Amino acid sequence: MPLSIPREEYMLPGHTACAGCGAALSMRYVLKGMGPKSALAIPACCWSIIPGEFPYTALKIPMLQTPFAAAAAAISGLREGLDAQGKEDYNVLAFAGDGGTADIGLQGLSAAMERGHNVLYVMYDNEAYMNTGIQRSGSTPFGAWTTTTPVGLKRNYKRENKKFVADLMIAQNVPYVATATIAYPEDLSRKVAVAKSIKGPKFIQILSPCPPGWFFNSADTVKISRLAVESKVFPLYESKNGKFALYKPAKTASISDYLSLQGRFGHLREEEVRLIEEAVEKRWSSLLEKEQN
Amino acid sequence: MAILPITSVSSATKEMASWRTSKPVIEYSKCTRCEICWKFCPDVAIDLVIDPDLKSPSDRFKTLEAPVIDYNHCKGCGICAAECPFGAIEMVREEV
């Protein structure tokens, strides 16, 4: 059979991600799209430990470890340094988790996008600080259990809504913004290829399900990622030079199908599920409106 | 010259088999070589090889690349078994 995604692997086996890790799949597909002439910066996140302990590395391309808030600043510097050496054919990308993007790295990201460096910033969204032990982040969805929103008798689940960083990037007029998820590798590697062809700042947000953090069977990683799109919880869209396109899934699923597979939503009552459904519906119609304008 | 903290040893030299509690076993007589398991493996632990000795549903599949699991690196997550559209992969519990 002809392969639907590039054959070359730039991520090696033997990395230390958990079994069924969505972030490992994200990295695999992103690097397939970017190719060997790339340089990577990773802030504190799961991926700062996944390549392995010294002297091992699981990546075939050079990688720079940066402080938590500095991924976007580091890629700005890498880009300008490579350009000064005349190596303009190299791609520079950051690969950061949702904590390092939505919370701690947001000002650095916003500034790098505003300065307009020719870089790609990939946010792999596992919806909490998974590396340090499942603490809530700005990107954790409403209703989720985390160790800092432990539910308990007072039902202290996360009360705030998810911050959609890709929407913020569109508001900032970044030339290319896309959301993707690992259940659709062809779509993901196509979006990375489009990002590679554009000169200027690019941003891709990838939903990466996390088996230990979301409490589900590691075999269901791809299934949950697919359900997130089919239930419209995580809409896939693309904004290229201000032109917005929303993917309408051919097959739809109910939100409770998506929630019921995950232990982090196990405590939710019917009325709370209804609140989530309303929020998802509202966001979907606002995205449809955005597409028409 | 200063010693720089640069990693250089490939992680592929490490063994990850001890992480596994069950292992995927491919039933080649059901495998149509669609490579979906290869596509979704988070550990890059599925190799594609042409091996006419492997079984297949019919002879026309024998010339195609077949997935072969690299048991040194498979962590046994079970995504390949869950995503296989033909039910050709079974998870078998590891004996200690």
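Keep in mind that what you see is a predicted model, and the values were worked out from it rather than measured.

Enquirer: Quick one: what's the story with the overall build of chain A, residue by residue and with numbers?
Expert: Across its full length, chain A carries 10 helices and nine strands. Computed over its C-alpha atoms, the radius of gyration of chain A comes to 18 Å, within 12% of the 19 Å expected for a compact globule of 293 residues. Once the C-alpha set of chain A is aligned to its principal axes, its extents read approximately 60 × 50 × 45 Å. By the burial criterion, 52% of the 293 residues in chain A qualify as buried. Look at the contacts in chain A between residues 6 or more apart in sequence, and 68% of them connect residues 24 or more apart.

Enquirer: So what's going on with the overall build of chain B? Residues and values would help.
Expert: Broken down by element type, chain B carries two helices and five strands. Each helix and strand of chain B, ordered N terminal to C terminal, gives the series β-β-α-β-β-α-β. Each principal axis of the C-alpha atoms in chain B carries an extent, and together these give about 60 × 30 × 20 Å. Taking all 96 residues of chain B together, 33% fall into the buried category. For chain B, the proportion of contacts with a sequence separation of at least 24, taken over those separated by at least 6, is 78%.

Enquirer: With reference to specific residues and values, describe unusual backbone geometry.
Expert: Residue and element names in this part refer to chain A. In the segment running from Phe 54 into Pro 55, the intervening peptide bond is cis, with an omega of 5°. The topology assignment puts Pro 55 in the loop between β1 (38-42) and β2 (56-57). One non-glycine residue, Arg 155, lies in the positive phi region at around 50°. Looking at the secondary structure, you find Arg 155 in the loop between β5 (120-125) and α5 (165-171). Owing to 12 C-beta atoms within 10 Å, Arg 155 belongs among the exposed residues under this scheme. A positive phi is found at Asn 173, a non-glycine position, where the angle reads about 60°. Structurally, the position occupied by Asn 173 is in the loop between α5 and β6 (176-181).

Enquirer: Can you explain the interface of chain A and chain B? Please cite residues and give values.
Expert: Each partner contributes residues to the interface: chain A has 31 residues there, and chain B has 31 residues. Breaking the side of chain A that touches chain B down by element, the ones donating at least two residues are α1 (22-34), β2 and α8 (221-230) of chain A. Here the residues of the side of chain A that touches chain B are counted per class, giving 19 nonpolar, eight polar and four charged. Pairing geometry for β2(A) and strand β1 (residues 9-10) of chain B, over two bridges, is parallel. Along β1(B), the bridge assignment pairs A:Tyr56 with B:Val9.

Enquirer: Before we move on, can you summarise the pairing of β6(A) with the specific residues and values?
Expert: All names here are of chain A. A large share of β6 lies buried, amounting to six of its six residues. In β6, alternate side chains face the same way, and those of Tyr 176, Ala 178 and Ala 180 on one face and Val 177, Thr 179 and Thr 181 on the other are all buried. Of the pairings in the sheet, the one linking β6 to strand β7 (residues 202-207) comprises six bridges and is parallel in character. Bridging across to β7, Tyr 176 finds its partner in Lys 202. Considered for its hand, the β-α-β crossover made up of β6, helix α6 (residues 185-197) and β7 is right-handed. Bridge count for β6 against strand β8 (residues 237-240) is three bridges, and the pairing is antiparallel. Bridge pairing in β8 links Ala 178 to Glu 238.

Enquirer: Provide a residue-level description of α8(A), including the pertinent values.
Expert: Residue and element names in this part refer to chain A. Burial analysis of α8 places eight of its 10 residues in the buried class, the great majority of the element. Of all the residues in α8, the buried ones are Thr 221, Val 222, Ile 224, Ser 225, Arg 226, Leu 227, Ala 228 and Val 229. One or two residues past the end of α8 sits Lys 232, with phi positive at roughly 65°.

Enquirer: I'd like a description of helix α4 (residues 106-115) of chain A, backed by residues and values.
Expert: Residues and elements named next belong to chain A. Residues Gly 108, Leu 109, Ala 112 and Met 113 constitute the buried set of α4. Buried residues along α4 cover an arc of 130° about the axis, so they all sit on one side. Opposite the buried face of α4, at more than 90 degrees from it, the exposed residues are Gln 107, Ala 111 and Glu 114. Summarising the contacts, the buried residues of α4 are in contact with α2 (71-84), α3 (99-103), β5, α5 and β7. One or two steps after α4, the chain reaches Gly 116, where phi turns positive at roughly 75°.

Enquirer: Can you explain the pairing of β1(A)? Please cite residues and give values.
Expert: All names here are of chain A. Counting buried positions over the five residues of β1 gives five, a clear majority of the element. Residues Ser 38, Leu 40 and Ile 42 point to one face of β1 and Ala 39 and Ala 41 to the other, with burial holding for every one of them. Looking at chain direction, β1 and strand β4 (residues 91-97) are connected through four bridges and run parallel. Each residue of the ladder has a partner; that of Ala 39, found in β4, is Val 92.

Reading the values: the criteria
Residues numbered from 1 in each chain as written. Chains lettered and ligands numbered in written order. Predicted model: local features only at pLDDT ≥ 70, side-chain atom pairs only at ≥ 80, totals over all residues. Helix = DSSP H or I, 4+ residues; strand = E, 2+ residues; numbered from the N terminus. Rg over C-alpha atoms; globule rule 2.2 N^0.38 Å. Buried ≥ 20, exposed ≤ 12 C-beta atoms within 10 Å, placed from the backbone. Contact = placed C-beta atoms within 7 Å. Nonpolar A, V, L, I, M, F, W, Y, C, P; charged D, E, K, R; others polar. Pairing = 2+ DSSP bridges. Right-handed = clockwise from strand over helix to strand, strands pointing away. Arc of directions from axis to C-beta.

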